[in-house]
Amino acid sequence: MSVAENLKHVRQQILELEQRVNRTSGSVCLLAVSKTKPLADIEAAYAAGQRRFGENYVQEAVDKNESLSHLKDIEWHFIGPIQSNKSRQIAETMTWVHTIDREKIARRLSEQRPANLPPLNVLIQVNISGEVSKSGILLEQLDDMILLVKQLPNIKLRGLMAIPAPQTSETDQIQVYAPLYQAFKALQQQDCDIDTLSIGMSGDMAAAIASGSTMVRVGTAIFGARDYTS
Ligand SMILES: *Cc1c(COP(=O)(O)O)cnc(C)c1O
């Protein structure tokens, strides 16, 4: 199947999953995860109407951003781990960052965001799988991180993100997501600018959409399997 056909299929799946849990059509947006995939695949998705793309590796993200700079309304989301020596490149090129889990990185991104660009949209990454994952803060640390991020002038907090360990059933996956969804709702009650819960990948879209996801990050189901993965 072509990228355009896959995209159409994924959009249809999202629509059905929204309906299944009585959510408004269009309340879940689709981030196309194009890591390791060639420019031609991104261009094919763009031609099929896709505008938001997610990348995991800084150099690859920067290169693709530059090569496709003629596509003015394309929106780049950085969804990989961030080393502090790479934060400037991210601050200069991305529209969103999903993986804020350290104070140092949050501060650097705010300091390094160019003055001529709007604030960088950020999500705080939460670790909801305990020891399985090294990335993300614990839910207990969330309040402190929120206070910090809100003080920084050039990054704008939009919500939360997680990459949970895969579960064997949809029910189990929903259970893992539940505390994150509670935290997200509580945060939304305090702050009207919070609108994004970034959960759900090719393998767990149904559980994520049932758990309140507002942005699914889908790679494989759109672009096919990757040669190497992260
Ligand atoms: C690779 C990746 C995805 C996409 O995963 P698929 O299983 O290919 O849909 C989503 N989120 C993050 C953080 C990723 O690294």
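It should be noted that the structure appears before, not after, this text.
Residues numbered from 1 in each chain as written. Predicted model: local features only at pLDDT ≥ 70, side-chain atom pairs only at ≥ 80, totals over all residues. Heavy atoms only, no water.

Undergrad: Give me the overall build of the protein: which residues, what numbers.
TA: Helix and strand content of the protein: nine helices and eight strands. The globule rule puts the C-alpha radius of gyration for 230 residues at 17 Å, and the 17 Å found for the protein is close to it. Overall, the C-alpha framework of the protein stretches about 45 × 40 × 30 Å when taken along its three principal axes. With 230 residues in all, the protein has 50% of them scored as buried. Of all intrachain contacts in the protein linking residues separated by at least 6 positions in sequence, the fraction that spans at least 24 positions is 58%. For the protein, the exposed area adds up to about 11,200 Å²; of that, 49% sits on carbon and sulfur atoms. When the 24 basic and 26 acidic side-chain charges of the protein are each reduced to a single mean position, those positions are 3 Å apart. (Helix = DSSP H or I, 4+ residues; strand = E, 2+ residues; numbered from the N terminus. Rg over C-alpha atoms; globule rule 2.2 N^0.38 Å. Buried < 20%, exposed > 50% of the residue type's maximum accessible area, 1.4 Å probe, protein only. Contact = heavy atoms within 4.5 Å. Areas by Shrake-Rupley, 256 points an atom, 1.4 Å probe, with all protein chains shown as cover. Lys, Arg positive; Asp, Glu negative; His and termini not counted. Charge placed at Lys NZ, Arg CZ, Asp CG, Glu CD.)

Undergrad: Tell me about the nonpolar core, and name the residues and values.
TA: The biggest cluster of nonpolar side chains holds 63 residues, and the ones touching the most others in it are Val 97, Leu 109, Ile 124, Val 149, Leu 160, Leu 180 and Ile 222. Setting aside residues up to four positions removed in sequence, Val 149 forms contacts with Ile 100, Ala 106, Val 122, Ile 124, Ile 155 and Leu 157. Val 33, Ile 79, Trp 96 and Leu 123 belong to the second-largest nonpolar core, a separate cluster that totals seven residues. (Core = buried A, V, L, I, M, F, W, Y, C linked by side-chain atoms within 4.5 Å.)

Undergrad: Which residues make up the packing of aromatic side chains, and what values do they have?
TA: By the definition in use, this model includes one aromatic pair. An angle of 45 degrees between the planes, with centres 6.0 Å apart, marks the rings of Phe 53 and Trp 76 as tilted. A residue pair is termed long-range when its members are at least 10 positions apart, and Phe 53 in strand β2 (residues 52-55) and Trp 76 in strand β3 (residues 75-78) qualify at 23 residues. Across the pair, exposure class does not vary: Phe 53 and Trp 76 are buried alike. The side chain of Arg 51 reaches across the aromatic face of Tyr 46, ending 3.6 Å from its centre. (Phe/Tyr/Trp six-rings, centres within 6.5 Å; stacked < 30°, edge-to-face > 60°. Lys NZ or Arg CZ within 6 Å of the ring centre and 35° of its normal.)

Undergrad: A description of helix α5 (residues 103-112) should follow, citing residues and the corresponding values.
TA: Here α5 has its buried residues at Ile 105, Ala 106, Leu 109, Ser 110 and Gln 112. In the core, the buried residues of α5 are packed alongside α4 (87-93), β4 (96-100), β5 (120-125), α6 (142-151) and β6 (155-161).

Undergrad: Describe the environment of Val 122, naming the residues involved and giving the relevant values.
TA: Relative to the helices and strands, Val 122 is located in strand β5. For the pair Val 122 and Glu 92, spaced 30 residues apart in the sequence, the C-alpha separation amounts to 14 Å. Apart from the residues within four sequence positions on either side, Val 122 is in contact with Val 97, Ile 100, Val 149, Ile 155, Lys 156, Leu 157, Arg 158 and Gly 159.

Undergrad: Which residues make up the pairing of β5, and what values go with them?
TA: Burial runs high along β5: six of the six residues are buried. Residue alternation in β5 divides its side chains into two sets, Leu 120, Val 122 and Ile 124 and Asn 121, Leu 123 and Gln 125, and both sets are buried. The pairing of β4 with β5 spans three bridges and is classified as parallel. Bridge assignment links Trp 96 to a residue of β5, and that residue is Asn 121. The pairing of β5 with β6 spans six bridges and is parallel. (Pairing = 2+ DSSP bridges.)

Bear in mind that shape data such as this cannot, by itself, settle questions of function.
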